[in-house]
Amino acid sequence: MSQKLLVFLVGLLLVSALGSYLYYRRSVASTPVDPWALVPDDAALVIATRDHPTLVRHLKETQIWDNLTGVRYFQQIEENSALIDSVSGSPSVVMGFLGTKLVLTSLHVTGPTTFDLLFQVPIGTVREYRQLRGLINGLGQDARYRVTTREYRGQQITDLRLRGTGHGITFLNYRNQLIMSTNAGLVETVVRRLEQPELPSIAADFKNTDYLQHKDVDAMLLLNYRQFPRFLGVFFRPELRPSLESITGLGRNGLLGMKLVGNKILFNGFTNPETTRDALHQRLRGQSAQRLRMADVLPLRTALLLHLGLQDMTRLPVARRSAPIDTLADRTSSLLDSLTASFSREAALCYLGSSSPRQIPAKLALVYCPDPLRTATLLGQLRRLTGTSPSFERVGPYRIYQGGVPELPSRLLGGFFTGFDEAPVIAQVGDYLAFGKDAATLRTWLDDVVSKATWSSSPAQVAFLQETQPLARVSLIMDTRNSWNVLLRALVEERRAGLLRNEALFKRFPQLALQFVPPTNEADEDAQYYTQLLLRHPAVGPAVAGLQGANATGGLLTFKTPLSSSPTLVTIKGARIPGVLVQDKAQVLHYVTPDNVVAWSDTLPGPLIEPVSRLPVGGNLGYLLATPTQLHLLDIQGRLAPNFPLNLPDTVRASSLTAGPAIGKTPPGLLVGGGGGNLFLFDTNGRIFPGWQPKRLDFNLAAPPHYLVVGGRTVIVALLENGYVYAYNQQGNLYPGFPLSVGSRLNTGAFVEASTTLGRTRLTVVNQHGERITFNLSGDVISRSRVATWSRSSVFRLVPDQARRSYVVAREEGGRVSIFEPSGRQLLTQNFLTSGRKPIQYFDFGAGRRVVVITEPAPHRAYVYDSQGRLVGGQPFVSTAPEVGLHYEAVTGTYYLFRTVEAELRRTDLKMN
């Protein structure tokens, strides 16, 4: 009986344990975890990303990716990603794993001179969990690595270390949330935080805000301003810490959304004001925001500008007796108060660029005087009270006087304006009063003002200011090129080498502005500063974006030079709208991103021969294109592939370019039509094929030849205007059954239905008698039928769709154009005023979504017809190119029409039934 009872109790225990495990897996482990609640409170900043493929694409399109890959930290990430791909046995494992997950990256100060990152990545499926375990096991079997697990406060932590170095990574899987860092202490901090679930998360003040829900936001940035002095102290010298603490006293935390657009990175969002006593926000509270109006007196050599937009300057934290000067402070106190009261609207501290890190940077204090005469009178009274000489130095129309009071700017404007020593100098320029540490500083500044080397005279700087917030309480503006030596001097010694290594990235965006705009009603306890951080480089590109008009939907890009080619659409994975390739009349090829920004431009030696093909380059699909004298293969960044361009013989002027697929390790072939009936065959390595230098045909080509690979064999099909069809092998010999006659003249190419054998591969053509002929590559005519009636003036063309999966037949008779299905059913007919040949395009997006576009070149009109043969919009669209581009986006059911109008690339959003 006791044995049965024991077995029963053991079974009950096992069932209970199994039930507890299942409960944990189904209830506890599956309970959603707030990833923000896992971030330690001491994070200085947290970056949240979700759509990683789009983020990487935007980084590459804005050319930031090239700068990032030069940073040592990102190089280590690339090396680790390559290692993971190698261990996993498949490419792009890391990017595929991240996908569209919410990933948090937090930055923490872990020592007086060090900081580390903490990553959080959710594990979404059992397959991903197995993939992770497989990776760990694979690394554990590698002799170079050591994998260990340990218990820490009830959680299992795994350490992966490179043997002999101690370098590696520590990670924790908490409820399918993977937490990892190179610093084991940060992972342990997360475990300790799990023991206090009642604590608010670092993002508790922004719990209802998620900028990542907006389609144009690439990332989200949470800033913990209270930790910024400690974080910046890792980089800057200790004597700068009081200033850093003062400027970060405006807010306690902020949440910003990040957008990567063309020539700028834009962060905007909101900041919660600092509530601690004596913080900068508490002193400036209630002050209305002001404009930056001092551009006329800000020199182009400005490195860093701290601008305060305040209506009442007496609210600044001024400590009049912080540095007493015997009895002089008592005698001049009321006069200093009167001087401060004479200031208004804006004050700024301006650091000037220096020629060497060893040189102390010059700085100015600037303040607006609504009544310059009154201010000058008060300054004269101050000089008389302090016994300062009234003598002055003249620079142009301006005068430099002695200030007479040590640290005069800080006594008038507060603690931000210290460092002007015992004998500051002053000068008045219009409505602005300037303070300098010495006469040489003011002399240099006044020379710039006289010569108009100021912000208001620089188009690049004016354009930058126009993109900043017009009204702000505090603005921090930097020119990274002018501030280079200033920063090198301010950094601690061990951080200078890192800045020097990353000079290209630092100077990628030379214009930077951080602004805080106060709320309208600061009495509201939920009031927040609107915050904008703008990183920008001057727009030196060839085009300017704009709107088509009040009633138009879409986008507009105006180039400096009129466009000459048709828009070529480039499908981008993960993007709703395609990119566009287009050439201007200066022979410059431009790539326009889905965000309507020119990402790169490349000058070609001649006009583009359309169409543009896609070929692999460096793991991505590049762009194969021809000009009359050269063949070009560009990667996705517009850079030439190795061995390109290929130079055609001096006597050859290319009229067409057809690319063939690669066969095994054999590079793709390139078939060039050299005008008339001449064909040249190369491959992408520049190898010349015998019998094709050139292949001379008896008659002109009716259309560019077809380059096919059937069963591993190359087949080049040439259709001639006289109605004969030739099929050649790679040696230039005819296949059996060719040439083949279709009975009358040809004007277009063939519709190809590829298969595995020559006999099963079919080609369909339409001759000028309106007959549709289908034949195979064995030279056999399979079918012949009439599509439509013909006359001596009629011209028939076979028009395939954009993917070459279907086709229609077009018949032109003078000014009348008719479109037929292959069966002969008429889709539409239209009479035109002009009788010249009209380019016709056919688009088939599936599910009956068919579109026909007929372009009338002389009046520059493109007629767009839907599947019912109705003219979309009731009128044609203006188009100066022979063809348009059309893309269908299934999610929104929107058609995107791309066309060129002189110097404009226009995108129009259409809806069709």
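Here is a short report on the structure shown in this document.

### Considering the overall build of the protein chain
And step 1. Of the regular secondary structure elements, the protein chain holds 18 helices and 53 strands.
And step 2. When the 913 residues of the protein chain are sorted by exposure, 50% land in the buried category.
And step 3. A sequence separation of at least 24 residues applies to 53% of the contacts in the protein chain between residues at least 6 apart.

### Thoughts on helix α12 (residues 372–386)
And step 1. With 15 residues, α12 ought to run about 21 Å at 1.5 Å a step, and its terminal C-alpha atoms sit 21 Å apart, in line with that.
And step 2. Of the positions making up α12, those classed as buried are T375, L378, L379, G380, L382, R383 and T386.

### Observations regarding helix α6 (residues 126–140)
Residues spaced three or four apart along an α-helix point in a common direction, a consequence of the helix completing one turn every 3.6 residues.
And step 1. Taking 1.5 Å of rise per residue, 15 residues should cover 21 Å, and α6 covers 21 Å from first to last C-alpha, within 8% of that figure.
And step 2. Along α6, the residues classified as buried are E128, L132, L135, I136 and L139. For α6, the angular spread of the buried residues around the axis is 95°, confining them to a single face. Opposite the buried face of α6, at more than 90 degrees from it, the exposed residues are R127 and R130.

### Regarding the pairing of strand β37 (residues 724–728)
And step 1. Here β37 lies mainly inside the structure; 4 of its 5 residues are buried.
And step 2. Summarising the sheet, strand β36 (residues 713–719) and β37 pair through 4 bridges and their orientation is antiparallel. Along β37, the bridge assignment pairs V717 with A727.
And step 3. Between β36 and β37, which pair antiparallel one after the other, the connecting turn spans 4 residues, and G723 there sits at a positive phi close to 95°.

### Side note on the sheet that holds strand β41 (residues 771–776)
And step 1. Within the open sheet, the 4 strands sit side by side as β39-β40-β41-β42. Their pairing is antiparallel. Two strands close off the open sheet at either side, each with one partner strand: β39 (751–753) and β42 (781–786). Within the sheet, the average angular offset between the axes of one strand and its neighbour, ignoring direction, is 15°.
And step 2. Across 3 bridges, the pairing between β39 and strand β40 (residues 762–766) is antiparallel. Following the sheet pairing, F751 is matched in β40 by T764.

### Concerning the pattern of salt bridges
And step 1. What the rule picks out here adds up to 31 salt bridges.
And step 2. Among the ionic pairs, E239 bridges to R237, the shortest N-O distance being 3.2 Å.
And step 3. Judged by relative accessible area, R237 falls into the partly exposed class, the value being 26%.
And step 4. Of the charged contacts in the structure, one is a salt bridge between D479 and R481, with a shortest N-O distance of 3.8 Å.
And step 5. Of the residues examined, D479 reaches a relative accessible area of 14% and is grouped as buried.
And step 6. Here the salt bridges share partners, and the residues they tie into one network are R150, D159, R161 and E188.

### Structural notes on the environment of R291
And step 1. If you trace the backbone, R291 turns up in the loop between α10 (280–284) and β11 (302–309).
And step 2. Note: C-alpha distance between R291 and R345 (54 residues apart in sequence) is 8.1 Å.
And step 3. Residues in contact with R291, not counting those within four places in the same chain, are H307, E346, P470 and L471.

### Structural notes on the side chain of S879
And step 1. One can find S879 in the loop between β50 (877–878) and β51 (885–889).
And step 2. The class of S879 is buried, set by a relative accessible area of 1%.
And step 3. Aside from chain neighbours lying at most four places away, what touches S879 is H860, R861, A862, V884, R899 and T900.

### Some thoughts on the environment of L679
And step 1. Looking at where L679 falls in the secondary structure, it is placed in strand β33 (residues 678–683).
And step 2. Judged by its relative accessible area of 0%, L679 is buried.
And step 3. In this structure the C-alpha to C-alpha distance between L679 and S656, which are 23 residues apart in sequence, comes to 9.4 Å.
And step 4. Beyond its immediate sequence surroundings of up to four residues, L679 is in contact with L671, V672, G673, W692, P694, K695, L697, L701, P705 and A718.

### Regarding the packing of aromatic side chains
And step 1. By the definition in use, this model includes 22 aromatic pairs.
And step 2. When the ring of F392 is compared with that of Y401, the centres are 5.5 Å apart and the planes differ by 50°; the resulting orientation is tilted.
And step 3. Taking the relative accessible area as the measure of exposure, F392 reaches 38% and is therefore partly exposed.
And step 4. With relative accessibility at 18%, the residue Y401 sits in the buried group.
And step 5. Ring plane angle 35° and centroid distance 5.8 Å describe the contact between F845 and Y888, whose orientation is recorded as tilted. Placement of the pair is F845 in the loop between β47 (840–844) and β48 (850–856) and Y888 in strand β51, with a sequence separation of 43 residues. For the pair formed by F845 and Y888, the shared burial category is buried.
And step 6. By way of ring pairs, the aromatic residues F115, Y225, F228, F231, F235, F516 and Y529 are connected into one cluster.
And step 7. Between K101 and the ring centre of F97, over which it is positioned, the NZ or CZ distance is 3.7 Å.

Thresholds, definitions, all that
- Residues numbered from 1 in each chain as written.
- Predicted model: local features only at pLDDT ≥ 70, side-chain atom pairs only at ≥ 80, totals over all residues.
- Heavy atoms only, no water.
- Helix = DSSP H or I, 4+ residues; strand = E, 2+ residues; numbered from the N terminus.
- Buried < 20%, exposed > 50% of the residue type's maximum accessible area, 1.4 Å probe, protein only.
- Contact = heavy atoms within 4.5 Å.
- Expected span 1.5 Å × (residues − 1).
- Arc of directions from axis to C-beta.
- Pairing = 2+ DSSP bridges.
- Axes fitted to C-alpha atoms, helices over the stretch in contact; angles between N-to-C directions.
- Salt bridge = Lys/Arg side-chain N within 4 Å of Asp/Glu carboxyl O.
- Phe/Tyr/Trp six-rings, centres within 6.5 Å; stacked < 30°, edge-to-face > 60°.
- Lys NZ or Arg CZ within 6 Å of the ring centre and 35° of its normal.

By themselves, these observations are geometric and do not establish any function.
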